[in-house]
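# Examining the three-dimensional arrangement
Each chain, letter by letter, is given below.
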Amino acid sequence: LWPALRSESSLHLVGRPLAVFFDLGTVYLTYRLARVLFPSPSSRRGPRGDAVLAAAFVGLAVLHVQIARFYTVDPLLTFFVMLTVNLGADVAQEGGWRRQVALGIALGLTLATKVSAAPLILVVLVALDVQRRTQQAGKSAVILPAIRVLALAVLVFFLAQPYALIDWRTFVEHTTREAQIARGTLATPYTLQYAGTVPFLYSIWQTALWGLGLPLGLVAWAGLAALLIRWLRRAPRAESLLLAWVGPYFVVTGLLHTRYLRYMLPLIPILCILGIRLLMSLKQRRLRIAGIWGLAGVTLIYSLAFVSIYAKPHSWIKASEAIYREVPAGSILAAEHWDMGLPLPLEVDGRSRRQSEYDMRFLALYDEPDDAAKWELLAADLASSDYLIIASRRLYGSIPRVPDRYPVSTRYYELLLSGELGFELEHEFIRGPAWLNLRLPPLPDPAPALLHPDESFVVYDH
């Protein structure tokens, strides 16, 4: 039906619609979970305002809006996490073997999507324990069902992720390698940005400021704090079930060296539910209504401002068009390795244009050791180049964070961006509101460190 999809380079045409589809499912599951865990004292019929608001804030959450446009695993993971927590809530309330089967299948699909969702096993155990306490049954009412649910989850895991069984050695090697990168025991250039960041606080602040936007971000984390306090006092069923997932996952993720903002995506639906619960608990009706409307208005404005970046062509496309039009073929272009090599292959003014028209030099700025010998090679490439292309803040935003490790490259960026290396700024291409494109050091007049967005939040689409 669509021959272009046979090409591996076109997989994003499948992956992106899937991301949108699953993220829409997450919006619904947020609404459903809010209704199931926090039932109305009067009637559960008809739409519930608090549940609708929680789902709406997930739909407006900028991190969800952004990740739903990317071909990444996180929207699928978040959907299956929310499905598992929903079914866990069902098991805790109603029980029944059908619910338990559905819970085992959902857990298996979640783990097959990403093994970092392993803390969800605690949701199964807590749900079965709540059910046992409600029915005043013995401990066997937890042990035997738990074995059945987990065994089914293992079976579904291998069916949905068959390479974990067919080629288990490679699966374990790759999973171990990614875990080492996440913990920081295996150094990679694209995780240098997290040097010097504070565990937990970095993820909390980045999620609050950029992922959700203030003030929704602050209200959401305050809702989690209020949940923890209530649980410590009374340990009610809803709080126990939510903390069984949020607690272990946040502790593990917050301690990682690699703190991609998208790692917080599976927590955002629950954070939105808890934030709305906190607002709804305000005793003064006027304050409660003003808080909800104010929160909705600010969140909507931030979401629309962020979406506006997609109304214009990508900066890399605009830059590539300018290169093809203004830089003569055969010119020597220097670009940075570990970043997008511009210009991109495009059709410009009715002609098919390719990077091969130019003599490209790729500057290995991440290479080690960062010494005089490395600088001599870089200097030779720079001296012979007509133009230097910096495609994103990836290198100049991370290398200066570790000057002891990269003294030469750090000094290079300081001199380059101050105009002392003989290069003059010819063009700068950005898109979207200026406050979503904050300047980082060593650029002149950088924004305060507290406002620096996570690299993964801006590099790919800003």
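Each remark here, short or long, concerns the structure printed above.
The structure presented is a predicted model; accordingly, all values stated were derived computationally and were not measured.

## With respect to the nonpolar core
What tends to happen in soluble globular proteins is that the nonpolar side chains get buried as a cluster. Core analysis: the biggest nonpolar cluster contains 94 residues, and Leu33, Leu242 and Trp245 have the highest contact counts within it. For this core, the leading source of residues is helix H4 (residues 74-93), giving 10 residues. Residues contacting Leu242, with those up to four places away along its chain left out, are Leu33, Leu37, Phe38, Val85, Leu227, Ile270 and Leu274. Within the second largest apolar cluster, 19 residues are counted, among which are Leu365, Tyr366, Tyr412 and Leu416.

## What to know about the packing of aromatic side chains
Summed over the entire model, instances satisfying the criterion amount to 23 aromatic pairs. Note on Phe70 and Tyr460: the rings are 6.3 Å apart at their centroids and 75° apart in plane angle, and the pair reads as edge-to-face. Of this pair, Phe70 sits in the loop between helix H3 (62-67) and H4 while Tyr460 sits in the segment after helix H18 (455-458), and the two are 390 residues apart along the sequence. Assessed through its relative accessible area of 41%, Tyr460 is described here as partly exposed. Ring centres 5.7 Å apart and planes at 90° place the aromatic pair Tyr194 and Tyr202 in the edge-to-face group. Tyr194 gets classed as buried once you look at its relative accessible area, which sits at 1%.

## Topic: the sheet that holds strand E4 (residues 359-363)
Strand order in the open sheet formed by three strands is E4-E1-E5, and the pairing between neighbours is parallel. Unpaired on one side and paired on the other, E4 and strand E5 (387-389) mark the two borders of the sheet. Recorded for the sheet is a direction-independent mean angle of 25° between the axes of neighbouring strands. Strand direction decides the pairing type here: strand E1 (residues 332-336) and E5, joined by three bridges, are parallel.

## Remarks on the pattern of salt bridges
Within this structure, the stated rule accounts for 20 salt bridges. When the shortest N-O distance is used, the salt bridge between Asp50 and Arg277 registers 3.7 Å. Here Asp50 is found in helix H2 (residues 49-60), whereas its partner Arg277 is found in helix H13 (residues 268-280), with 227 residues between them in sequence. Given a relative accessible area of 31%, Arg277 falls into the partly exposed group. Here Arg353 ties to Glu357 by a salt bridge, and the two come within 2.8 Å at their closest N and O atoms. The buried category is assigned to Arg353, whose relative accessible area is 8%. Overlapping salt bridges, with partners in common, bring together Arg32, Asp90, Glu94 and Arg99 in one network.

## Thoughts on the layout of surface pockets
For the largest pocket, the calculated volume is near 1300 Å³. As for the largest pocket, its lining consists of 40 residues, and the residues nearest its centre are Ile390, Leu425, His427, Glu428 and Phe429. For the lining of the largest pocket, the class distribution of residues is 26 nonpolar, seven polar and seven charged. When its volume is computed, the second largest pocket comes out at roughly 850 Å³. Along the walls of the second largest pocket sit 27 residues, with Lys114, Val115, Ser116, Thr175 and Glu178 positioned nearest its centre. At eight residues, helix H9 (residues 168-183) tops the list of elements feeding residues into the lining of the second largest pocket. A per-class count over the lining of the second largest pocket returns 16 nonpolar, seven polar and four charged.

## A short note on the packing of helix H5 (residues 97-113) against helix H7 (residues 140-160)
Contact geometry for H5 and H7: axes closest at 7 Å, N-to-C directions at 40°. Between H5 and H7, the interaxial angle falls into the category oblique. Crossing of H5 against H7: the hand is right-handed. Facing H5, whose interface residues are Gln100, Val101, Leu103, Gly104, Ile105, Leu107, Gly108, Leu109, Leu111 and Ala112, H7 presents Pro145, Arg148, Val149, Leu150, Leu152, Ala153, Val156, Phe157 and Ala160. Along the lines of polarity and charge, the residues of the contact of H5 with H7 split into 15 nonpolar, three polar and one charged.

## Here we look at the side chain of His337
Here His337 is to be found in the loop between E1 and strand E2 (346-348). A polar side-chain atom of His337 sits 3.2 Å from the main-chain amide nitrogen of Leu365. Residues in contact with His337, not counting those within four places in the same chain, are Leu363, Ala364, Leu365, Tyr366, Asp367 and Leu395.

## A look at helix H6 (residues 120-135)
Given 3.6 residues per helical turn, the α-helix brings residues three or four places apart onto the same face. Relative to the 22 Å expected for 16 residues at 1.5 Å per residue, H6 spans 23 Å between its end C-alpha atoms, a close match to the ideal helical length. For H6, the full list of buried residues reads Leu120, Val123, Val124, Ala127, Leu128, Val130, Gln131 and Arg132. Trailing H6 by a residue or two, Gln136 shows a phi angle of about 55°, which is positive.

Cut-off values and rules
- Residues numbered from 1 in each chain as written.
- Predicted model: local features only at pLDDT ≥ 70, side-chain atom pairs only at ≥ 80, totals over all residues.
- Heavy atoms only, no water.
- Core = buried A, V, L, I, M, F, W, Y, C linked by side-chain atoms within 4.5 Å.
- Buried < 20%, exposed > 50% of the residue type's maximum accessible area, 1.4 Å probe, protein only.
- Helix = DSSP H or I, 4+ residues; strand = E, 2+ residues; numbered from the N terminus.
- Contact = heavy atoms within 4.5 Å.
- Phe/Tyr/Trp six-rings, centres within 6.5 Å; stacked < 30°, edge-to-face > 60°.
- Pairing = 2+ DSSP bridges.
- Axes fitted to C-alpha atoms, helices over the stretch in contact; angles between N-to-C directions.
- Salt bridge = Lys/Arg side-chain N within 4 Å of Asp/Glu carboxyl O.
- 1 Å grid on protein atoms, 1.4 Å probe; cavity = no way out; pocket = protein on both sides within 12 Å on 5 of 7 lines; lining within 4 Å.
- Points joined across faces, edges and corners; volume = space filled by probe spheres on them.
- Nonpolar A, V, L, I, M, F, W, Y, C, P; charged D, E, K, R; others polar.
- Parallel < 35°, antiparallel > 145°, perpendicular 65-115°, else oblique.
- Left-handed = near helix turned anticlockwise from the far one by under 90°.
- Polar contact = N/O pair within 3.5 Å; in protein donor to acceptor, adjacent residues only side chain to side chain.
- Expected span 1.5 Å × (residues − 1).

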